[in-house]
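# A closer look at the structure
As a plain string of letters, each chain reads:
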Amino acid sequence: MTAVVFDLDGTLTDTEHIWDGVRRGLADAEGLPWPEDASRAMMGMSTQQWSAYLSEVVGVAGTAQDAARKTIDGMAASYASGLHLLPGAVEAVRRMHARWPLGLASSSPRVLIDEAVATMGLAGLFVATVSTEELNGAGKPAPDVYLEVCRRIGVDPGSAVAVEDAHNGILSAHAAGLKVVAVPPHFNPPPASTLALADVVLDSLDELTTDLVADLLGVA
């Protein structure tokens, strides 16, 4: 048995820059400087991790839980005004679904995963969707989320393909033992050293074909 596991933010939805804008807005509202590495550091972190980062590193007032609530509220408001998808996202998911079981491994909170998948009209296509917030806060680059998705699907990680965009996500999927298809984003693209860990690097999701994935998996 084989499977394809998608990331969400930055891979299917064009939302990484929105996450960054909402978080920066919290800092700006308090006159706090934005740490140089903060944007990339938080990409892939679980809700528990990035909210603690906002509280403890950036210095946003209140508790980490306060920072999480304000950020998720801001993202929900953005979703309500229209979810931005990356070109070819829905079509790529449907192509893969026509041949293999699908999973979703995301660091978005559950409420935003469910909203995004429903808005895209893909809710019935994923066998398993997992948020890193559901894994005791083990965000990417830890392999936990990919391992859990594969466990729920019932597939060996070595027989699955991950579709990822970001530095921490590629590291996570690679550490879990999946084949990795990287589609680098326009926002904070991963360094060449990270892309070198991917089995294939694509320019867009339009290039994600069943033939390409079958070749990666060594199946007819």
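Let us look at the structure shown here.

### Considering helix H4 (residues 64-80)
For H4, built from 17 residues, the straight-helix expectation of 24 Å at 1.5 Å per residue is met to within 8% by its first-to-last C-alpha distance of 24 Å. Inspection of H4 places Ala64, Ala67, Ala68, Thr71, Ile72, Met75, Ser78 and Tyr79 among the buried residues, and these make up the whole buried set. Viewed along the axis of H4, the buried residues span an arc of 120°, placing them on a single side of the element. Exposed residues pointing more than 90 degrees away from the buried face of H4 are listed as Gln65 and Ala80. Positioned one or two residues after H4, Gly82 has a phi angle of 135°, which is positive.

### Looking at the nonpolar core
Taken as a class, soluble globular proteins show a tendency for nonpolar side chains to be buried jointly. One finds Phe6, Leu12, Leu54, Leu208 and Val213 to be the most contacted residues of the largest nonpolar core, which totals 53 residues. Residues contacting Phe6, with those up to four places away along its chain left out, are Leu12, Ala92, Val93, Met96, Leu102, Gly103, Leu104, Ala105, Phe126, Val163 and Leu208. Residues Ala105, Ala128, Val145 and Ala173 belong to the second largest nonpolar core, which totals 22 residues.

### Details of the packing of helix H3 (residues 47-58) against H4
At a minimum axis separation of 8 Å, H3 and H4 run at an interaxial angle of 110°. With respect to H4, the axis of H3 lies roughly perpendicular. Across from Thr47, Trp50, Ser51, Ala52, Leu54 and Ser55 in H3, the residues of H4 making contact are Ala64, Ala67, Ala68, Thr71 and Ile72. Grouping the amino acids of the contact of H3 with H4 by side-chain chemistry returns 7 nonpolar, 4 polar and no charged.

### Topic: unusual backbone geometry
In this structure, Pro141 follows Lys140 across a cis peptide bond, with omega equal to 20°. Within the secondary structure, Pro141 sits in the loop between strand S3 (126-131) and helix H7 (144-153). For Asn136, which is not glycine, the phi torsion reads 55° and is therefore positive. Note that Asn136 resides in the loop between S3 and H7. Here Asn136 falls in the exposed class, since its relative accessible area comes to 79%.

Cut-off values and rules
- Residues numbered from 1 in each chain as written.
- Predicted model: local features only at pLDDT ≥ 70, side-chain atom pairs only at ≥ 80, totals over all residues.
- Heavy atoms only, no water.
- Helix = DSSP H or I, 4+ residues; strand = E, 2+ residues; numbered from the N terminus.
- Expected span 1.5 Å × (residues − 1).
- Buried < 20%, exposed > 50% of the residue type's maximum accessible area, 1.4 Å probe, protein only.
- Arc of directions from axis to C-beta.
- Core = buried A, V, L, I, M, F, W, Y, C linked by side-chain atoms within 4.5 Å.
- Contact = heavy atoms within 4.5 Å.
- Axes fitted to C-alpha atoms, helices over the stretch in contact; angles between N-to-C directions.
- Parallel < 35°, antiparallel > 145°, perpendicular 65-115°, else oblique.
- Nonpolar A, V, L, I, M, F, W, Y, C, P; charged D, E, K, R; others polar.

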